[in-house]
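A structural walkthrough
Single-letter residue listing:
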Amino acid sequence: MSGKASSSQASIGGLGSGSVSHVFIQYPPLRCNIPGSRGFYYDDGNKLLLSPTSNQVFSWKTAPFSPNAAPNIDSITEGPICSIRFSLDEKLIAVQRSNTSIQFFHRETGETFTHRCKSESESILGFFWTDCPSCDIVVVKTSGLDLYAYDHALKSLALVETKKMTVSWYVYTHESRLVLLASGMQCKTFHGFQLSSVGIIRLPKFEMVMAKPEANSKPVLASEDVYIVTVYGRIYCLQVDRVAMVLHSYRFYRDAIIQQGSLPIYSHKVAVNSRAPISAPLPVLFRGFPRSDSFTSRPGTKESESLEASDSNDNEAIIYGDGWTFLVPDLICDIANKRLWKIHLDLEAISASSSEVPSVLEFLQRRKLEANKAKQLCLAITRTMILERRPINMVAKAMDVLVTSYALSLKTGSYFKGIKTERTPSSVPNVSGPGQGEDVNTGRTDGLGKSVQQESASRVNSVSVGRSSNYSSETEDSSSFEPLKISSNDAQFDSGKVDTGARSSATGNPLNASVSEQQESQLTSPAISPDEMYRFVFAPAEEEMIGEPSYLVSIILEFFRSANLEKVKVNPNLYVLTVQLLARSEQYAELGLFVINKIIEPSKEVALQLLESGRQNFQIRKLGSDMLRQVSLHQDYVLLLVQDGYYLEALRYARKHKVTTIRPSLFLEAAMTSNDSQHLAAVLRFFSDFIPGFHSTSDFSTYYHILNEMNSSSVVA
Amino acid sequence: MLEYSFSKPNSSRSPSLVTEDLRSFISKIYTVYSTNSASFMGLSSIGTASDGMQLCIFDLRRGQHEGQELDKILYFFPADLPFSTQLSVIGLSEGLITFTRIFSPEAACEVIEAERHSHVFYEAEPDIWMVMIVEKSKDSEAIWRIDALREVLKEIHSLFVMFHGSIRALLEREPGGGLTRAHLYPFIMDYLRDFLVGKKLQLPSFRDCLMERRSVQMLTVGREAAIEVQTLVRILESSAGNLPCFSLILFQDLLVSTTLSPEDTINLYKYAVLRLTPLALSSGAKSWSYLRKGNSSSHVSIGSTLLSTGSVSEQFYGSHDASPAGDNRYHVTRPLQHDKWFKGKDGFLITDIWGGDIGSLNVTTPTVWLHQTEERMYLCAYQYKSLTIILLIPLSSILNGDQGVSILKQQLLENASLKILKVEEKLSKGWGGENAYHVSGYRYLLVDGNRDISRASPPTKVTTLSKESLLALNRLREEVDAEKSRAKWDNPGREKDLEVCIRAKNNAWAVARITGGKELYMVLEKANETLLYASDAVEKFSNRYCSGTFSLD
C-alpha cells in the first residue's frame, strides 16, 4: 500500500532523463572468457557460474562477488553437455550427457559413474541437487520424478522414491526449492513439489490460465513463460500468456495455489523504441514494491552502464547485448562478451528519489545485503525528516516502521546476529554474508518485498537472443504502465486480509522458501535499536533544533507510542532528554503528567534530571524525589532529604531502609545549621544508639561539644 | 469526643511559640469583643433572613471618610439587608483587620469564633476582603470546618477573576464601583445557587470532610492511554498553528490532561465540572428548546426568592438580571448562569452568555483570563461522548475574532476528530465507573498539595459513614489545618510530617497522615480496637494505592 506511491514516483523518476539510477553495475565485471568454452551454465544451488570446455569445467564463485575471482578447474571426460550442476557439497559434478544419461565425476578422486534411464520410453528432462533429508538428487523425466540418494561407498545412486506422472517440461529454482512440472496438451496443468531440508511437500495440482486465440487452436504453454519467483520468502509463480498478452501471477501455499492477479502486457513496438535489456524481472514490476522498482528502472541501469563503458575506454564499449542473461539473484551474464556483472542497488539514489519517507525506510529496513549502509541511511533520513519538521503523522509512521522492524529483528534474532558479524571483521564495514540470501525472513514478513528473479541452470545456455528480446519488450512495456496497473492490483498482492475464500483459509501456512536458507546465511540487520535512535537521531536533532522543543517532544512521544505497541524498551536517556525539553519550554504541567502516568518511565537518570530541572519548579523537583524513593534509590533519597534540611525524616528513612553508607556528620551538620539544640541532641543520640562505638569517634566529640555550647548559650540568653 | 489522641514526637513545637500564644491570645480577646459587639450592633438579628449566612466583599481603600462608607461595600449577601446593618458587619470586620494587622501585618485576622457565629476572613486581593459569617445554630448539622468555608471564598474569587479579571482592575476601570458591583452581584448569586438544596443554602459542612474543594480529581490512566492522550494534546495545540495555546481534557468529571498552570487548571476544571461536562450539561439541556430563543430571562429557578434582591439595593448593585433588555448601565456577562451551555451539532459547546443569539447559532465566543499568562483567551469547548476538551487560544493571536475562532474549530475537527474518537474509546475501556476509586473498608481523602490533586472515596460511599465518624474526622481536619498553618508561619517553605490517629465514640478511627506535602485522611469504622490495627490498615492502603508515600515507619 504505502509502497505504491513511492514506486510510481521512483519509476517515473527512473524514466526521466536527469534522474538518478537506482541500480548500477560495478565495473569491472568478472571476465570469464575461456578458450574453447562451450557456453555458460549457472548452478543456482551453489551460486556458481560454470563454463565447460571439451574436457574441463571452469567454475567461478559468484557469492560473494569478486571481479578477480579465479576459476576452479575440474577435468571431465569429453562428450556432449546438456546441463551441468555441482552437488550441494560441491564434491560431485553431474553432467547430463543426453536425454538418457547423466554422468557423475568425483572432484577429488576423479572417479566417474554414469546413471542411465532404465526404460526406453522415458527421457531425462533435467536434474537438480537437493538438500532434502531423504535424497540428494532429483531427476526429472518425462514419466515423473526420480529421487535418488548418493551412496558414497558404492559410488552410485540409490533410488529412494518415484513420483509418477507425465511431464512435458519443468521449472525449478534452488531458492524456492520448488519444482513445477507441466503436463497436458497445452502444458498448463501443473504438479508441484517443494523439496526442502524439512521434507517434501506436494502441492495440489493446478491449472494455469490460457486464452484461446481462435476456437480450434490451443496454444501450448512454454517453459520460458513460467517463472518461479521468491519474494521475501514467499513463493510466487508468474506466467506469461502470449495470446492474451497478460501476465498472471500465482501465490503458493502448502495446500493451495491462489491466483493473485493479472496484468496486461503491451505491444512490442514500444519496447523496441526503449530498447531496454531485460529478461525476467517481471515480478518486480507487477508487485509495485519499492524494492522492485529498483529493478524496473532499466533505462537508469543502461545509463550507468554506458558511463562505465566510456570510462573503461577499451573494446568493451558496448556492454549491453542481446546475450544478456539475468541470474539469481543479482547477476548478469553477458554471454556474447563472456562477462559477469553484479547488479548493485543504489540505496542512496533510491532513498533520495522518494519523498514518501516511511516507505523508503520500510524498504531500507528490508535490506540485508548492505545492512550497515541501509541503517546509516535510515538514521540520516529520520534525522533529516525531524530537522525539516515534516508533519508529525508522517514522522509517526516512520517511527512505526523503524520500531516494528527492530522488534521483528529481535524476534528473529537477526539484530544480535548482525551485531556479532559486524564486530568480527572490523576492517569491513559493509558486511554481506556469504550466503547473500535476501530472503532470510520468516514467512510472516509481509508487504513490500524484494523480488528475485529465478533462472534454472539448465536454461542459461538455451536463452536465445530472440527470446531475450521478446521478454525485454514485454517487461519494458509493463514497467512504463506500472503505476496505473498497480493501483488496481496491489490490494491483492499486498495484504493477505483482503482476499476471500480459499486464500484466507490458506494463509495459515504459506509455502515458505526460506526454511533452509536461514541456516546458510549469516546476515546483519539494518534494524535500529532504541539506543541508536537516541544517540543518532534524537540527541543530534535536539542539538540542532535549539529553541521551541515542542515539535521534538511530539516526535519523541510518537516514538514512545510505537515502542509501547511493540513492547520495546526505550533508552532511559531519551526519557531524560524528554524531561529536559519539557522543562526548557516550561511545560511543567505536561511534564508532571508524563511522569505521573509513567509515559516517562522511572529510573535513576530520570529522577536526577527531574531534580535538576526542578530547580525552577518545586513540583517537578518533588516528582524527582518521589521517583528516587519509588525506584528504591534509598541512599540518594536520604542524601536529598538531608540536603534539603529534612534530616530527621532522612534519619527515619535511613533507619527503615537500612541505609548505612551516609556519614553521620552530614546529619549532625544539618542539625547544627538548623540551630535547634533539641534536634542536634536527638541526632547525636540516634547515632550513639545505633552505631556501635560512635562515642569514641571525632564526630561525636565535636558535635557533643557544639551541643553543650548551644545549650549553655541558650541558658545565658 | 476524643478518646485517644496520638501525634508523632517529631512534630514538636518550633521556636516561635511565643508569637503563637500571642496570636491565640488576641484572637481570644476579639472573640469576646466580637460577641459583645455583634449583639450590640444587632448582628444577631441578621441570621433569620438569610438562613444564617452572610457574605460580604469590601475594599479597605474606599470609603474612608465619613458619609462615604457605602463606597467600600462591593458585595453583600443578603442584599436586602438595610445598609446600616451591612455597614455594621463590614465595620466590625474592618476593625478587626486593622487591629490584628498591628501584630501580624502580613496576615491579619483569619477567623473569629463568636458565641453564635463564625466569621471567616479571606483577603482576596490586597485590601479587598471577603468575609463569610455563618450562624452556629442549634441544628446539629451546622458544624463547619473553617478552612472549607474559606475555600468557598477563594473559589468565588478565583473564578470571578478568571472571567472578569481582578476586582482591583475593575475598580480602577470605574472608580465609582458600580461596574464592580454589577459584576460581582450576579456572579456570586449564580455561584451560590449551586449550593441551594430546596430553599436552603447548604454550605460545606462536616459531611464534606472527605472532600477538598480547591483541587482537581484526576482519572488514572494506563501508559498506553496516557501516550494517546498526550498525542491528542499535541494535535490539539498544533491545530492552532504556531499560536501559543493551552488545553484541558476531561473524561466525565475527571481531569485527564492539562497544559495549564495549577491555578488555572483548578479554575477551569471547576468551571467545566460546574457547567460543561456531560453531567453538568444534561441537567440543563433537557429544559432547553429553540422555542425559548431570545427569551433568556433566566431568573426563574427555585432559589429566586432567596437569592433575588430587594428593590432597595437593586440600584446599588446594578441589575442582577443580565437580560438583554438594554436598560442596564453595564453589559455584564454571567458565566455561571445555569442552563446556558448546549452542545452544538458539530460537537462544540455553545452558549449565548457572552452575547449573540443561540437560535441562529451566531454566538460570541467565551473568553477567560489566565492567571499564568495574564492574558485573555478564547475558550473553545468540544465534547465527544464522555470526553470534554477545552482549548484556550489567546485573544491577541486571532485577528478576526469569532470568525477566526470558527476557522480554528474547523481545523481542530479536521486534525483531531479521529484521535479524539480513539482516545475516548481507550479511556472508556479503562474507566472503572463511578466507584472506580472506592477501596472497600476505607473511606479516604488523598490530597497531593504539591499538584493540587485530590482523590476520595465516592460520595455515595462516604454517606454510609455514621455522623460520629464524620464529626471526628472533621475535628481532626481542623486540627491538622491549624497545625499546617502554624507550621507555615513558623517555617515557611518547609513541609511538616504529621500523623494523627483519633478514636471516635463509636470506636471508629479517624486518621490523618501528612508527609512531603501529601495528605491522607481516613475513617476506619470497622477497624479493631488497637491502634496498631488502624496503623496497619493505613500502611496497607499507602503501599497499595499511594506507592508507599505514607508508610514511612
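About the thresholds
Residues numbered from 1 in each chain as written. Chains lettered and ligands numbered in written order. Predicted model: local features only at pLDDT ≥ 70, side-chain atom pairs only at ≥ 80, totals over all residues. Heavy atoms only, no water. Helix = DSSP H or I, 4+ residues; strand = E, 2+ residues; numbered from the N terminus. Buried < 20%, exposed > 50% of the residue type's maximum accessible area, 1.4 Å probe, protein only. Contact = heavy atoms within 4.5 Å. Areas by Shrake-Rupley, 256 points an atom, 1.4 Å probe, with all protein chains shown as cover. Buried area = accessible area lost by both parts, 1.4 Å probe. Salt bridge = Lys/Arg side-chain N within 4 Å of Asp/Glu carboxyl O. Polar contact = N/O pair within 3.5 Å; in protein donor to acceptor, adjacent residues only side chain to side chain. Pairing = 2+ DSSP bridges. Axes fitted to C-alpha atoms, helices over the stretch in contact; angles between N-to-C directions. Phe/Tyr/Trp six-rings, centres within 6.5 Å; stacked < 30°, edge-to-face > 60°. Lys NZ or Arg CZ within 6 Å of the ring centre and 35° of its normal. UniProt positions renumbered as here; feature names shortened; annotations may be inferred. Core = buried A, V, L, I, M, F, W, Y, C linked by side-chain atoms within 4.5 Å.

Along its length, chain B carries 15 helices and 23 strands. Burial analysis of chain B (553 residues in total) assigns 56% to the buried set. The contacts of chain B with a sequence gap of at least 6 include a subset with a gap of at least 24, amounting to 65%. Split by element, the accessible area of chain B, about 23800 Å² in all, is 54% carbon and sulfur.

When helices and strands are tallied, chain A shows 25 helices and 26 strands. Counting the 717 residues in chain A, one finds 58% classified as buried. Sequence separation of at least 24 residues holds for 60% of the intrachain contacts in chain A that already meet a minimum separation of 6. When the accessible surface of chain A is summed, it comes to about 28700 Å², and 53% of that surface belongs to carbon and sulfur atoms.

We now examine the environment of B:Lys422. All names here are of chain B. Note on placement: Lys422 falls in helix 12 (residues 401-430). Note on Lys422: relative accessible area 37%, which makes it partly exposed. It is 42 Å that separates the C-alpha atoms of Lys422 and Asp536, two residues lying 114 residues apart in sequence.

Here we come to the interface of chain B and chain A. Accessible area lost when the parts come together is the quantity often used to give the size of an interface. On the side of chain A, 36 residues touch chain B, which itself brings 37 residues to the contact. Of the roughly 3200 Å² buried between chain B and chain A on both sides combined, carbon and sulfur atoms contribute 47%. Considering only the side of chain B, the residues that lose the most area to chain A are B:Arg223, B:Arg234 and B:Arg451, jointly responsible for 26% of the buried surface there. Our count for the contact surface shared by chain B and chain A stands at three salt bridges. A salt bridge links B:Asp497 to A:Arg652; the nearest nitrogen and oxygen atoms lie 3.2 Å apart. Our count for the contact surface shared by chain B and chain A stands at 13 residue pairs in polar contact (both at pLDDT 80 or more). If you list the elements that add at least two residues to the side of chain B that touches chain A, you get helix 7 (223-238) and strand 11 (254-258) of chain B.

What follows deals with unusual backbone geometry. Each neighbour pair has its own omega, and for B:Phe77 with B:Pro78 the value is 0°, a cis peptide bond. Its location among the elements puts B:Pro78 in the loop between strand 3 (73-77) and helix 3 (83-103). In this structure, A:Met245 takes a positive phi of about 55° despite not being glycine. Checked against the element boundaries, A:Met245 lands in the loop between strand 20 (234-241) and strand 21 (246-252). We note that B:Lys385 has phi near 50°; this positive angle belongs to a residue other than glycine. Summarising the element assignment, B:Lys385 is placed in the loop between strand 17 (375-384) and strand 18 (387-394). Of the residues examined, B:Lys385 reaches a relative accessible area of 52% and is grouped as exposed.

Burial within helix 18 (residues 588-596) of chain A is extensive, with eight of its nine residues counted as buried. Restricting attention to buried positions, one finds in helix 18 of chain A the residues A:Tyr588, A:Ala589, A:Glu590, A:Leu591, A:Gly592, A:Leu593, A:Phe594 and A:Val595. Considering only its buried residues, helix 18 of chain A is in contact with helix 16 (550-565), helix 17 (572-584), helix 19 (604-613) and helix 20 (618-630) of chain A together with helix 7 and strand 11 of chain B. At the C-terminal side of helix 18 of chain A, A:Lys598 shows a positive phi close to 60°.

Right, let's get into the pattern of salt bridges. Under the criterion given, the structure shown has 49 salt bridges over all chains. For B:Arg101, the salt bridge goes to B:Glu123, with nearest N and O atoms at 3.1 Å. Of this pair, B:Arg101 sits in helix 3 while B:Glu123 sits in strand 5 (residues 117-125), and the two are 22 residues apart along the sequence. What makes B:Arg101 partly exposed here is its relative accessible area of 26%. Between B:Arg214 and B:Glu263 there is a salt bridge, with its nearest N and O atoms 3.9 Å apart. Of the two residues, B:Arg214 sits in the loop between strand 8 (200-201) and strand 9 (216-217) while B:Glu263 sits in helix 8 (residues 262-276), which places them 49 residues apart along the sequence. A relative accessible area of 30% places B:Glu263 in the partly exposed class. Each of A:Lys61, A:Asp74, A:Glu90 and A:Arg107 takes part in a single network of salt bridges with overlapping partners.

Attention shifts here to the sheet that holds strand 14 (residues 156-164) of chain A. Residue and element names in this part refer to chain A. Here four strands make up an open sheet; going across it, the order is 11-12-13-14 and the pairing antiparallel. What marks the edges here is a single partner per strand, and that holds for strand 11 (124-129) and strand 14. Averaged over all neighbouring strand pairs, the angle between strand axes comes to 25°, with direction disregarded. Judged from the eight bridges that link them, strand 13 (residues 144-151) and strand 14 form a sheet pairing that is antiparallel. Within strand 14, the position partnered with Ala149 by the bridge is Ala158.

Further remarks concern the pairing of strand 5 (residues 56-61) of chain A. Residue and element names in this part refer to chain A. Bridge count between strand 4 (residues 48-52) and strand 5: five bridges; the pairing is antiparallel. Residue pairing in the sheet places Leu50 in a bridge with Ser59 of strand 5. A loop of three residues connects strand 4 with strand 5, the two strands running antiparallel in sequence. Sheet topology note: the strand 5/strand 6 (residues 72-75) ladder contains four bridges and is antiparallel. Bridging across to strand 6, Phe58 finds its partner in Ile73.

For the rest of this paragraph, the subject is the side chain of A:His634. All names here are of chain A. Structurally, the position occupied by His634 is in helix 21 (residues 634-643). Within the structure, the side chain of His634 is placed 3.5 Å from the side chain of His657, a separation counted as a polar contact. Ignoring sequence-local partners within four residues, the contact set of His634 consists of Tyr653, His657 and Val659.

The relative placement of two aromatic rings is captured by the distance of their centres and the angle of their planes. Evaluation of the coordinates by the stated rule reveals 34 aromatic pairs over all chains. Judged by centre distance (4.7 Å) and plane angle (65°), the rings of A:Tyr637 and A:Tyr653 are edge-to-face. Of this pair, A:Tyr637 sits in helix 21 while A:Tyr653 sits in helix 22 (residues 647-657), and the two are 16 residues apart along the sequence. Classification of A:Tyr653 as buried rests on a relative accessible area of 3%. Each ring, one from B:Tyr75 and one from B:Tyr185, has its centre 6.0 Å from the other, and the planes form 40°; the classification is tilted. A residue pair is termed long-range when its members are at least 10 positions apart, and B:Tyr75 in strand 3 and B:Tyr185 in helix 6 (residues 178-193) qualify at 110 residues. Look at B:Tyr75 and you get buried, because its relative accessible area is 0%. One aromatic cluster in this structure is built from A:Phe667, A:Phe686, A:Phe687, A:Phe690, A:Phe694, A:Phe700 and A:Tyr704. Positioned above the aromatic ring of B:Tyr437 is the side chain of B:Arg455, whose terminal nitrogen or guanidinium carbon lies 3.5 Å from the ring centre. A cation sits over an aromatic face here: B:Arg477 above B:Tyr521, 4.5 Å from the ring centre.

Moving on, we come to the UniProt feature "domain: Regulator of MON1-CCZ1 complex N-terminal" (unreviewed entry) in chain A. What UniProt calls "domain: Regulator of MON1-CCZ1 complex N-terminal" (unreviewed entry) maps, in this numbering, to residues 41-156 of chain A. Regarding residues 41-156 of chain A, the helix share stands at 0% and the strand share at 50%, and the terminal C-alpha atoms are separated by 24 Å.

Another point: the UniProt feature "domain: CCZ1/INTU/HSP4 first Longin" (unreviewed entry) in chain B. Mapped onto the present numbering, the UniProt feature "domain: CCZ1/INTU/HSP4 first Longin" (unreviewed entry) falls on residues 56-165 of chain B. In this annotation, residues 56-165 of chain B is assigned 36% helix and 26% strand; the end-to-end C-alpha distance for the span is 19 Å.

Residue and element names in this part refer to chain B. The five strands are arranged 3-2-6-5-4 in an open sheet whose pairing can be described as antiparallel. Each end of this open sheet is capped by a strand with a single partner; those strands are strand 3 and strand 4 (111-113). Across the sheet, the mean angle from the axis of one strand to that of its neighbour is 10°, orientation sign disregarded. Across seven bridges, strand 2 (residues 53-59) lies against strand 6 (residues 128-135) in antiparallel orientation. Paired with Phe58 across the two strands is Trp129, which belongs to strand 6.

Attention now goes to the nonpolar core. Side chains that are nonpolar tend, in soluble globular proteins, to be buried together. Among the nonpolar cores identified, the biggest contains 140 residues, and A:Ile386, A:Phe538, A:Phe560, A:Phe667 and B:Leu427 are the most heavily contacted of them. With residues up to four places along the chain from it excluded, the contact list for A:Phe560 reads A:Val570, A:Leu574, A:Tyr575, A:Thr578, A:Ile599, B:Arg223 and B:Ile227. Within the second largest apolar cluster, 72 residues are counted, among which are B:Met53, B:Tyr75, B:Leu192 and B:Ile453.

Right, let's talk about the pairing of strand 8 (residues 92-96) of chain A for a bit. All names here are of chain A. Within strand 8, five of the five residues are buried, which leaves the element mostly enclosed by the surrounding structure. Residues Leu92, Ala94 and Gln96 of strand 8 are buried on one face, and the alternating residues Ile93 and Val95, pointing to the opposite face, are buried as well. By the bridge criterion, four bridges tie strand 7 (residues 83-86) to strand 8 in an arrangement that is antiparallel. When the bridges of strand 8 are listed, Ser83 appears paired with Gln96. Linkage of strand 7 to strand 8, two consecutive antiparallel strands, is achieved through a turn of five residues, within which Glu90 is found at a positive phi near 60°. Bridge analysis of strand 8 against strand 9 (residues 101-106) gives five bridges, and the strand direction is antiparallel. Among the inter-strand pairings, Val95 is bridged to a residue of strand 9, identified as Gln103.

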